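Next come the chains, spelled out residue by residue.
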Amino acid sequence: MSKTITLQEFIMDTQAEFPFVSGQLTRLLTDIGVAAKIVNHQVNRAGLAGILGEAGSQNSHDEAQQKLDVFADRTFMRILTAGKSVAGIGSEEQDQYVFCGDDGKSGKYIVMIDPLDGSSNVDVNVSIGTIFSIYRRVTPMGETLSDQDFLQAGTEQVVAGYVLYGSSTMLVYTTGSGVNGFTLDPAVGEFFLSHPKMQFPETGSIYSINDALLGQANEATQQFITGCREAIDNGFKARYIGSLVSDFHRNLIKGGIYLYPSTKDHPQGKLRLLYECAPLAFIALQAGGSAEDDHGSILEKVPSSLHERSPFYVGNIHLIQALRSCWMNNG
Ligand code: AHG
Ligand code: MN
Ligand code: MN
């Protein structure tokens with residue numbers, strides 16, 4: 001029997017791949033694994049009294065926060081702040097950047113996080129996730145952090161990953177040398193390497209979009225989806241969970257495209273660039289896929305605010321190219 005590799009062993013074994021290696025990034029990745037296990041435990045108990053439902057508060061997007069949104073946010077904040085390697089955090093659930101420790105003057109890294117993605121699915125026992133992204137600080141150590149530390153293009157990401165709280169719990173991440181997936185064994189509380197070197201399959205035939213948006217969506221998306229529907233004989237099928245992490249993960253394994261388009265009323269779509277689109281774009285590229293907005297690469301977009309939104313199309317390269325042809329056809 002081949003030896004099983006734990007997340008911790010894998011992080012240690014591959015740390016030499018990081019440019020400018022230091023123990024801080026290793027520690028940070030380990031901390032994310034620990035926070036994920038704590039959130040996972042609470043997610044698994046979600047049907048029990050006092051954990052389900054709305055928290056009675058709203059986040060910076062005026063969305064009702066679920067109790068689990070608040071719990072996941074607090075858990076990641078507490079653990080990342082305590083670890084000393086993080087200078088600042090941008091979270092979906094916090095209006096402003098959070099400075100860690102010593103007013104953000106120490107700590108090499110900036111973390112962007114969607115602590116609980118798909119939280120409207122919590123009450124109905126459907127898969128949800130966490131999305132995270134790690135950047136190097138730009139301002140020198142010892143100085144107060146500024147906008148430029150938080151508003152970096154996706155090309156500057158050092159690590160991106162997600163946790164999927166599904167029928168099993170997985171942690172998937174990239175440091176820029178491929179994508180690796182780990183499955184939590186709940187009996188021993190360890191993540192084990194289960195999906196080494198994840199790649200989109202050569203072809204994909206799943207399309208994932210909120211169908212109710214289609215009439216309002218840009219012309220290219222409408223034309224592309226019409227094409228998918230007409231390709232039913234080629235095995236095309238629609239699949240949409242409504243949890244970005246789950247939809248992305250399925251398409252990564254089975255092959256497909258996820259679309260959250262620009263619409264007439266929402267020209268920037270719904271999803272958030274820094275802690276939803278950019279990390280999944282980095283993972284997609286590392287897995288042989290592609291990610292774009294209405295105009296081109298997601299990773300090259302330089303954000304102008306923490307909670308900026310972006311249209312998002314991600315998946316197999318040939319499907320993104322087919323969508324791009326629809327953009328050409330529609331000027
Ligand atoms: P969050 O729960 O972090 O606010 O994210 C919800 C997002 C994403 O997970 C999902 O793909 C999308 O919202 C679904 O939106 P629609 O309900 O408009 O399809
Ligand atoms: Mn989300
Ligand atoms: Mn969320």
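Residues numbered from 1 in each chain as written. Chains lettered and ligands numbered in written order. Predicted model: local features only at pLDDT ≥ 70, side-chain atom pairs only at ≥ 80, totals over all residues. Heavy atoms only, no water.

Remarks on unusual backbone geometry
Thought 1: For D103, which is not glycine, the phi torsion reads 60° and is therefore positive.
Thought 2: Examined against the element boundaries, D103 turns out to sit in the loop between β4 (98-99) and β5 (109-117).
Thought 3: Classification of D103 as partly exposed rests on a relative accessible area of 43%.
Thought 4: Non-glycine residue N125 carries a positive phi angle of around 60°.
Thought 5: Take N125: it is sitting in the loop between β5 and β6 (128-136).
Thought 6: Overall, N125 belongs to the exposed group, its relative accessible area being 75%. (Helix = DSSP H or I, 4+ residues; strand = E, 2+ residues; numbered from the N terminus. Buried < 20%, exposed > 50% of the residue type's maximum accessible area, 1.4 Å probe, protein only.)

Comments concerning the packing of helix α1 (residues 7-14) against helix α2 (residues 23-44)
Thought 1: Running from amino to carboxyl end, α1 crosses α2 at an angle of 165°, the nearest separation of the two axes being 10 Å. It follows from the interaxial angle that α1 and α2 lie roughly antiparallel. α1 and α2 meet at a crossing whose hand is right-handed. Packed against α1, whose contacting residues are L7, Q8, I11 and M12, the element α2 presents T26, L29, T30 and G33 at the interface. (Axes fitted to C-alpha atoms, helices over the stretch in contact; angles between N-to-C directions. Parallel < 35°, antiparallel > 145°, perpendicular 65-115°, else oblique. Left-handed = near helix turned anticlockwise from the far one by under 90°. Contact = heavy atoms within 4.5 Å.)

Notes on the packing of aromatic side chains
Thought 1: Counted under the stated rule, the structure contains eight aromatic pairs.
Thought 2: Both rings, one in Y97 and one in F150, keep their centres 3.9 Å apart while their planes meet at 10°; by these two values the pair is stacked. In this pair, Y97 is assigned in the loop between β3 (86-91) and β4 and F150 in helix α4 (residues 147-150), connecting sequence segments 53 residues apart.
Thought 3: With a centroid separation of 6.2 Å and 20° between ring planes, the pair formed by Y240 and Y258 is classed as stacked. Here Y240, found in the loop between β12 (237-238) and α6 (244-254), pairs with Y258, found in strand β13 (residues 256-260); they are 18 residues apart in sequence, far enough to count as distant.
Thought 4: Look at Y258 and you get buried, because its relative accessible area is 3%. (Phe/Tyr/Trp six-rings, centres within 6.5 Å; stacked < 30°, edge-to-face > 60°.)

What to know about the sheet that holds strand β8 (residues 169-174)
The pairing of strands in a sheet comes from backbone hydrogen bonds and takes either a parallel or an antiparallel form.
Thought 1: Within the open sheet, the eight strands sit side by side as β4-β3-β5-β6-β7-β8-β9-β10. Their pairing is mixed. The two strands at the open ends of the sheet, each matched to only one other strand, are β4 and β10 (190-195).
Thought 2: Direction of pairing for strand β9 (residues 179-185) relative to β10: antiparallel, over a ladder of five bridges. Across the sheet, the residue bridging to D185 is E190, located in β10.
Thought 3: Lying on the sheet, α1 is in contact with β8, β9 and β10; it crosses β8 at an angle near 5°.
Thought 4: Strands β5, β6, β7 (157-165), β8 and β10 of the sheet are contacted by α6, whose axis makes an angle of about 100° with β7. (Pairing = 2+ DSSP bridges.)

Examining the site of ligand 1
Thought 1: Around ligand 1, the structure places 18 residues, and the nearest of them are D117, G118, Y240, Y258 and Y260.
Thought 2: In the model, an oxygen atom of ligand 1 is placed 3.0 Å from a nitrogen or oxygen of the D114 side chain.
Thought 3: In this structure, D117 approaches ligand 1 through a side-chain N or O atom, which is 2.7 Å from an oxygen atom.
Thought 4: Bound to the protein, ligand 1 loses 84% of the 470 Å² it would expose on its own.
Thought 5: Contributing elements (two or more residues each) for the shell around ligand 1: β5 and β13.
Thought 6: In terms of residue count, β5 provides more of the shell around ligand 1 than any other element does, three residues in total.
Thought 7: When the residues that make up the shell around ligand 1 are grouped by side-chain class, the tally is six nonpolar, five polar and seven charged.
Thought 8: Residues from two domains meet in the shell around ligand 1; each of domain 1 (7-195) and domain 2 (206-329) gives at least three. (Near = heavy atom within 4 Å. Polar contact = N/O pair within 3.5 Å; in protein donor to acceptor, adjacent residues only side chain to side chain. Areas by Shrake-Rupley, 256 points an atom, 1.4 Å probe, with all protein chains shown as cover. Nonpolar A, V, L, I, M, F, W, Y, C, P; charged D, E, K, R; others polar. Domains from an automatic or database assignment.)

Re the environment of M141
Thought 1: Tracing the sequence through the fold places M141 in the loop between β6 and α4.
Thought 2: Given a relative accessible area of 46%, M141 falls into the partly exposed group.
Thought 3: Separated by 33 residues in sequence, M141 and K108 place their C-alpha atoms 7.3 Å apart.
Thought 4: Not counting residues within four places of it along the chain, the set of residues in contact with M141 comprises K105, S106, G107 and K108.

Brief notes about the sheet that holds strand β11 (residues 206-208)
Thought 1: Strand order in the open sheet formed by five strands is β12-β11-β13-β15-β14, with mixed pairing between adjacent strands. Looking along the sheet, the strands with just one partner apiece sit at the ends: β12 and β14 (289-292).
Thought 2: Strands in contact with helix α8 (residues 317-329) are β11, β13, β14 and β15 (312-316); relative to β15, the strand with the most contacts, it is inclined by about 135°.

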